[in-house]
Amino acid sequence: GRYRFWFDVRLNVDGGYIFDDSLNANSSGAEVRRARMAMKAQFRDKWYGEIDMDFADSRADLKDAYPMYMPHPNLNLKWGNFKEIFSMEQNTSSRYLTFMERPMVTNGLTPSRTLGTQAVWNRDWLLVAGGVHFQDVGGWEEVQNRKDNAADVGADEGYSLTGKIILMPFAGDLEKGVHLGVARSYRTPKTDDVIGAIRFDVRGPANVNRRKYIDTDRIKNVDHAVHGNLEAAAFYKGFRVQGEATRANLTSEIDSIPVAHFKGHYVQGSMMLFGGRYQYNAQDGEFTQPRLGRQWGDVELALRYQYLDLNSPAAFIPGGAGAAWTLGVTLYPHSYIKLT
């Protein structure tokens, strides 16, 4: 009983019809958004590991791949490829997302999976995390660019220092909870693209639309970027609200002067209509699968406003800005099935 081995399989099939008769018409369609297969294992009492692959888009991309050591019930250390603890919405598994896609500001300005090492300390109402991170090793194209840059010009891969503090005043209460978090990340340019450049870009609220209307293109001669994130969430039984504000400041390698500032935020609220209740995981600082209120399942109603601004007039960067309202209805016919 001290060794366990199991699979985590996930399939998201999405489709969208876009009402658009403009000259820049967007395409409607359907896709396999995620096709994930993860192998996970527990070794004795203090070791855990997993390897997670995504086979959507007719290719294999590495997602989570790490061993984790837990020397104390309140402390864990991990090494490998995984999500940096920075944004609540980014760190929430796609299994538990309220909407089909994360907000534009989350996709555009918050770090996700990178290779590195991280420590997380958690006790009662407090979670503190910090890590040293390097490249994203998931995409084939990014990996090849990194290897080519290393072989051709001997470029260093770059690094990131990310830390976060979360306060959870009602940790352990199953009916209500509050989440308050602040995160900061110091990031040097990576070599999975043009050396010394950073780019921020994002698609719209629907992934089936492949256009990127908000895009800074490559910002060159960047010494480092500093990202900051403020987040707050609260729930009471079947009601939940959540929001985040994110900012990224870039500094030039020429005279170390600030060159660009980007920002965005989102606010969302949701409720379970038939007695379901939200569940908060204080160990990871995120929401998990809600408990369903009826034997046949439950229905969730949600509303979100989001905004992202990648314009930086002082640096002559017209990355664009956009806002969106999203209304979502999710049917849970079973704890393992979602129809959104």
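Before any of the text, the structure's been laid out above.
Thresholds applied
- Residues numbered from 1 in each chain as written.
- Predicted model: local features only at pLDDT ≥ 70, side-chain atom pairs only at ≥ 80, totals over all residues.
- Heavy atoms only, no water.
- Core = buried A, V, L, I, M, F, W, Y, C linked by side-chain atoms within 4.5 Å.
- Buried < 20%, exposed > 50% of the residue type's maximum accessible area, 1.4 Å probe, protein only.
- Helix = DSSP H or I, 4+ residues; strand = E, 2+ residues; numbered from the N terminus.
- Contact = heavy atoms within 4.5 Å.
- Patch = residues over 30% accessible without salt bridge, like charges linked within 9 Å, V, L, I, M, F, W, Y side chains within 5 Å.
- Areas by Shrake-Rupley, 256 points an atom, 1.4 Å probe, with all protein chains shown as cover.
- Salt bridge = Lys/Arg side-chain N within 4 Å of Asp/Glu carboxyl O.
- Pairing = 2+ DSSP bridges.

1. Section: the nonpolar core
Then, number 1: Counting residues in each nonpolar core, the largest one holds 18 residues, and the members touching the most others are Leu109, Phe200, Leu250, Phe262, Leu308 and Leu310.
Then, number 2: Secondary-structure elements contributing two or more residues to this core are α2 (104-109), β12 (222-236), β13 (239-252), β14 (258-272) and β17 (298-312).
Then, number 3: Beyond its immediate chain neighbours, meaning those up to four positions away, Phe200 contacts Gly108, Leu109, Ile214, Asp215, Thr216, His227, Ala248, Leu250, Phe262 and Leu310.

2. Here we look at unusual backbone geometry
Then, number 1: For Ser58, which is not glycine, the phi dihedral falls at a positive 60°.
Then, number 2: Structurally, the position occupied by Ser58 is in the loop between β3 (47-54) and β4 (61-72).

3. Notes on a nonpolar patch on the surface
Then, number 1: There is a patch of nonpolar side chains on the surface, built from Leu273, Phe274, Trp296, Leu301, Leu303, Trp325, Leu327, Val329, Leu331, Tyr336, Ile337 and Leu339 and spanning about 1300 Å² of accessible area.
Then, number 2: For the nonpolar patch, the secondary structure elements donating two or more residues are β17, β18 (317-334) and β19 (337-339).
Then, number 3: With respect to the element layout, Leu303 can be found in strand β17.

4. A short note on the pattern of salt bridges
Then, number 1: The tally for this structure, following the rule as stated, stands at 16 salt bridges.
Then, number 2: As a salt-bridge pair, Lys40 and Asp8 come within 3.1 Å of each other at their nearest N and O atoms. Linking Lys40 in strand β2 (residues 29-43) with Asp8 in strand β1 (residues 3-16), this pair joins segments that are 32 residues apart in sequence. For the pair formed by Lys40 and Asp8, the shared burial category is buried.
Then, number 3: A salt bridge links Arg199 to Asp201; its shortest N-O distance comes to 3.1 Å.

5. Describing the environment of Val32
Then, number 1: Along the chain, Val32 turns up in strand β2.
Then, number 2: Assessed through its relative accessible area of 39%, Val32 is described here as partly exposed.
Then, number 3: Note: C-alpha distance between Val32 and Asn12 (20 residues apart in sequence) is 6.1 Å.
Then, number 4: Not counting chain neighbours up to four residues away, the residues in contact with Val32 comprise Leu11, Asn12, Ala56 and Asp57.

6. Some remarks on the pairing of β12
Then, number 1: Bridging between strand β9 (residues 176-187) and β12 involves twelve bridges; their strand directions are antiparallel. Pairing of Ser185 across the sheet is with His227, part of β12.
Then, number 2: Bridge analysis of β12 against β13 gives 14 bridges, and the strand direction is antiparallel. For Val222, the partnering residue across the bridge sits in β13 and is Ser252.
Then, number 3: Hairpin geometry of β12 and β13 is characterised by an intervening segment of two residues between the two adjacent antiparallel strands and by a positive phi of about 55° at Lys237.

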